[in-house]
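Observations on chain architecture
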Amino acid sequence: MTDKPRSIDQHRRFFGLVRALFLHWPEAMEFQPDNEDHLRAYLLVKAGYRSIREFSVEGDATEFARLVPVVSALMLHKYCWAWADGNSIKVCAPESTRFDKLSHKDACKVYDKVDEFVRTLGIDPDQILKEHERAA
């Protein structure tokens, strides 16, 4: 039995939520996204839809860790977070939500976890979507 096809409406809702959150992101939050893609990456990582890789380095891992997200964003247009762990760097990046990479069932789980995380910030995802639609 094959998995149900991905929902375009679900996909649009997720990207609509990211857009609405970006436009109404609280200034008091420690994390301040540079753009919608940065916020989308952050939400996916915080929802647990991420991979963490470890790389050994020679020298000060702290300095390398500071540079990895900058180089990744500037050269690859991908957002990640990195930190030093002894002589290693750990790099955390969101997994892909592409239609050919994520089944409908798994997309439901991921997007539900994003909604759960957004609620921990004191933001109701459905409410912010409605407010954003009314303002548009």
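The notes below deal with the structure included here. A quick note: this is a predicted structure, and the numbers were derived from the prediction, not measured.

So, about helix α3 (residues 61-76). With 16 residues, α3 should reach 22 Å at 1.5 Å per residue; the first-to-last C-alpha distance of 21 Å fits that figure. Remark: the principal bend of α3, roughly 25°, maps to L67, with a proline, P69, within the next four residues. Along α3, the residues classified as buried are A61, A65, P69, S72 and A73. Immediately beyond the C-terminal end of α3, within one or two residues, lies H77, with a positive phi of roughly 55°.

Turning to the pattern of salt bridges, a few remarks are in order. Here the structure, examined in full by the defined rule, presents seven salt bridges. Measuring nitrogen to oxygen at the nearest pair gives 3.8 Å for the salt bridge that ties R19 to E36. Separated by 17 residues along the polypeptide, R19 in helix α1 (residues 8-23) and E36 in helix α2 (residues 36-46) bring together distant segments of the chain. Three or more residues joined by partner-sharing salt bridges are found here, namely R13, D115 and D126.

Take the pairing of strand β2 (residues 81-85) next. Where β2 meets strand β3 (residues 88-94), five bridges bridge the pair, whose relative direction is antiparallel. Each bridged residue has a counterpart across the sheet, and for A84 the counterpart in β3 is I89.

Soluble, globular proteins show a tendency: their nonpolar side chains are buried together. In terms of nonpolar packing, the biggest core is built from 24 residues, with L21, W25, L39, Y42, L43 and V114 touching the most fellow members. Contributing elements (two or more residues each) for this core: α1, α2, α4 (104-120) and α5 (125-135). With six residues, the top contributor of residues to this core is α4. Those residues in contact with V114 that sit more than four places away from it in its chain are F14, L17, L43, L44 and A47. Membership of the second largest hydrophobic core comes to six residues, among which are V57, A61, C80 and V91.

Along the chain, the position of K4 falls in the segment before α1. Spatially, the C-alpha atoms of K4 and H104 are 6.0 Å apart, while their sequence positions differ by 100 residues.

According to the stated counting rule, one finds eight aromatic pairs in the structure shown. Seen from their ring centres, F14 and F15 are 5.3 Å apart, and the 80° between their planes marks the pair as edge-to-face. Taking relative accessible area as the criterion, F14 reaches 3% and is therefore assigned buried. F15 gets classed as partly exposed once you look at its relative accessible area, which sits at 27%.

Take the state of the cysteines next. Counted by the stated rule, this structure contains zero disulfides. The thiol of C80 is unpaired, and the distance to the nearest cysteine sulfur, on C92, comes to 8.4 Å.

Quick look at the sheet that holds β3 now. Reading across from one edge, β1-β3-β2 is the order of the three strands in this open sheet, with antiparallel pairing throughout. Two strands bound the open sheet, and with one partner strand each, they are β1 (50-56) and β2. On average, each strand axis in the sheet is inclined to that of its neighbour by 20°, with strand direction left out of account. Both β1 and β3 contribute to a ladder of seven bridges, which runs antiparallel. Bridging across to β3, E54 finds its partner in K90. In the packing of α2 onto the sheet, contacts are made with β1, β2 and β3, and the angle to β3 comes to roughly 105°. Against the sheet, α3 contacts β2 and β3, and its axis sits at roughly 175° relative to β2.

Each value, and the rule that gives it
Residues numbered from 1 in each chain as written. Predicted model: local features only at pLDDT ≥ 70, side-chain atom pairs only at ≥ 80, totals over all residues. Heavy atoms only, no water. Helix = DSSP H or I, 4+ residues; strand = E, 2+ residues; numbered from the N terminus. Expected span 1.5 Å × (residues − 1). Bend = angle between axes of the 7 residues up to and from the residue. Buried < 20%, exposed > 50% of the residue type's maximum accessible area, 1.4 Å probe, protein only. Salt bridge = Lys/Arg side-chain N within 4 Å of Asp/Glu carboxyl O. Pairing = 2+ DSSP bridges. Core = buried A, V, L, I, M, F, W, Y, C linked by side-chain atoms within 4.5 Å. Contact = heavy atoms within 4.5 Å. Phe/Tyr/Trp six-rings, centres within 6.5 Å; stacked < 30°, edge-to-face > 60°. Disulfide = S-S within 2.5 Å. Axes fitted to C-alpha atoms, helices over the stretch in contact; angles between N-to-C directions.

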